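# Working through the structure, step by step
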Amino acid sequence: LCVFFLGQEISGVVIGAIILIGISIVGLGIVEMKEDEKSRILRQSNAVVKYSKSFLALLLPILYCLIDAAGTFVDTLILREEPTGTFFDKVFVNTLPEDSANVAYELTFFACGIVAVIFVLFVKKDRFSIKEDSTKLVGAVCETIGQAFYIQALDANPTAAAPLICSYCMLSCVWAALFLKERLSKRHYVALLFAFAGIIVLGFCE
């Protein structure tokens with residue numbers, strides 16, 4: 001979207017690295033899809049698994065990726081410093097400095113948090129427990145810190161930052177192996193290695 005609609009330019013090596021990351025992510029999905037049931041059960045024997053192979057399990061991440069990509073593109077429009085002379089200049093007239101954009105992000109999450117608290121306490125009649133919800137608190141703190149880095153990365157180089165941000169699913173596999181004790185196959189590791197190779201190339205080029 002950044003290349004075709006905003007006219008941003010990237011080198012052939014960067015394009016190759018992005019393609020490598022993309023192929024790795026798709027390859028990881030194919031590995032998961034073609035994995036036989038016995039291997040999957042063995043790999044996830046010690047894991048807490050809520051979703052199995054289903055249409056919904058495939059649809060949700062695809063929708064998430066599409067919506068997230070559209071959001072990243074709009075973030076790029078808001079953070080850009082100079083107009084591109086395209087249609088989007090008429091729609092997104094004003095741009096934001098990265099600090100203001102980050103504050104806007106955090107205020108948005110804060111508003112969503114208030115809605116969530118009201119829903120949990122007054123609609124579901126549930127309660128919060130520091131002990132039980134401690135992992136969620138850690139996740140919220142990490143997400144907040146991540147947003148600050150996200151804004152800085154997009155402001156510096158959105159075309160290169162976007163595929164790096166999207167490759168978080170690769171690290172999710174690593175975390176699953178480390179913390180959820182999932183057993184990854186050789187094919188999983190091959191896909192991960194290709195993705196990380198693309199990330200390293202992208203990082204050096206940019």
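Residues numbered from 1 in each chain as written. Predicted model: local features only at pLDDT ≥ 70, side-chain atom pairs only at ≥ 80, totals over all residues. Heavy atoms only, no water.

## Focus: the overall build of the chain
When helices and strands are counted, the chain shows ten helices and zero strands. Ordered by position from the N terminus, the helices and strands of the chain form the series α-α-α-α-α-α-α-α-α-α. Restricting to contacts in the chain with at least 6 residues of sequence separation, those with at least 24 account for 71%. Accessible area of the chain: about 14300 Å², with a carbon and sulfur share of 71%. (Helix = DSSP H or I, 4+ residues; strand = E, 2+ residues; numbered from the N terminus. Contact = heavy atoms within 4.5 Å. Areas by Shrake-Rupley, 256 points an atom, 1.4 Å probe, with all protein chains shown as cover.)

## Focus on the confidence of the model for the chain
Here the chain shows a mean pLDDT of 78. Residues at 70 or above account for 82%. Taking the mean pLDDT of every element in the chain, the minimum, 61, falls on helix H3 (residues 37-43) and the maximum, 88, on helix H6 (residues 98-123). (pLDDT = per-residue confidence, 0-100.)

## Description of the packing of aromatic side chains
Between two aromatic rings, the relevant description is the distance of the centres plus the angle of the planes. For the structure on display, the rule yields two aromatic pairs. Centroid distance Tyr105 to Tyr150: 5.9 Å. Interplanar angle 90°. Geometry classified as edge-to-face. Taken as a pair, Tyr105 in helix H6 and Tyr150 in helix H7 (residues 134-156) lie far apart in primary sequence, 45 residues in all. Side by side, Tyr105 and Tyr150 carry an identical accessibility label, which is buried. Relative to Phe179, the ring of Trp175 has its centre 6.1 Å away and its plane inclined at 50°; by these criteria the two rings are tilted. (Phe/Tyr/Trp six-rings, centres within 6.5 Å; stacked < 30°, edge-to-face > 60°. Buried < 20%, exposed > 50% of the residue type's maximum accessible area, 1.4 Å probe, protein only.)

## Concerning the pattern of salt bridges
Pairing between side chains of opposite charge can happen when the charged atoms of each approach one another. The final tally for this structure, using the stated rule, is one salt bridge. Of the charged contacts, one joins Asp133 and Lys136 as a salt bridge, the two residues approaching to 3.2 Å between their closest N and O atoms. Given a relative accessible area of 57%, Lys136 falls into the exposed group. (Salt bridge = Lys/Arg side-chain N within 4 Å of Asp/Glu carboxyl O.)

## Brief notes about the packing of helix H2 (residues 12-34) against helix H9 (residues 168-179)
The contact between H2 and H9 brings their axes to 10 Å, and the two run at 45°. What the angle tells us is that H2 and H9 run oblique. As H2 runs across H9, the sense of the crossing is left-handed. Judged by residue contacts, Ser24, Ile25 and Leu28 of H2 engage Cys169, Met170 and Cys173 from H9. (Axes fitted to C-alpha atoms, helices over the stretch in contact; angles between N-to-C directions. Parallel < 35°, antiparallel > 145°, perpendicular 65-115°, else oblique. Left-handed = near helix turned anticlockwise from the far one by under 90°.)

## What about a nonpolar patch on the surface?
Taken together, the side chains of Phe110, Ile114, Val117, Ile118, Phe119, Leu121, Phe122, Val123 and Phe128 make up a nonpolar region of the molecular surface, amounting to roughly 860 Å² of accessible area. Inspection of the secondary structure assignment puts Ile114 in helix H6. With relative accessibility at 39%, the residue Ile114 sits in the partly exposed group. (Patch = residues over 30% accessible without salt bridge, like charges linked within 9 Å, V, L, I, M, F, W, Y side chains within 5 Å.)

## A short note on H7
For H7, spanning 23 residues, the distance from its first C-alpha to its last is 34 Å, which sits close to the expected 33 Å at 1.5 Å a residue. Every buried residue of H7 is listed here: Gln147, Tyr150, Ile151 and Leu154. (Expected span 1.5 Å × (residues − 1).)

## Quick look at H9
When the terminal C-alpha atoms of H9 are compared, their 16 Å separation across twelve residues agrees well with the 16 Å that a helix rising 1.5 Å per residue should span. Listed as buried for H9 are Met170, Cys173 and Ala176. Each buried residue of H9 sits inside an arc of 115° when the element is viewed along its axis, so together they form one side. Looking at the buried side of H9, the elements it contacts are H2 and helix H10 (186-205). Phi turns positive, to about 60°, at Lys181, one or two residues after H9. (Arc of directions from axis to C-beta.)

## Overview of the environment of Gly203
Within the secondary structure, Gly203 sits in helix H10. With 43 residues separating them along the chain, Gly203 and Ala160 place their C-alpha atoms 8.2 Å apart.

## A short note on the packing of H2 against H10
One can describe the packing of H2 onto H10 by two numbers: an axis separation of 8 Å at closest approach and a directional angle of 160°. Regarding the angle of H2 to H10, the classification is roughly antiparallel. Here H2 runs over H10; the crossing is left-handed. Contacts between H2 and H10 pair Val13, Val14, Ala17, Ile18, Leu20, Ile21, Ser24, Leu28, Val31 and Glu32 from the former with Arg187, His188, Ala191, Phe194, Ala195, Ala197, Gly198, Ile199, Val201, Leu202 and Cys205 from the latter.

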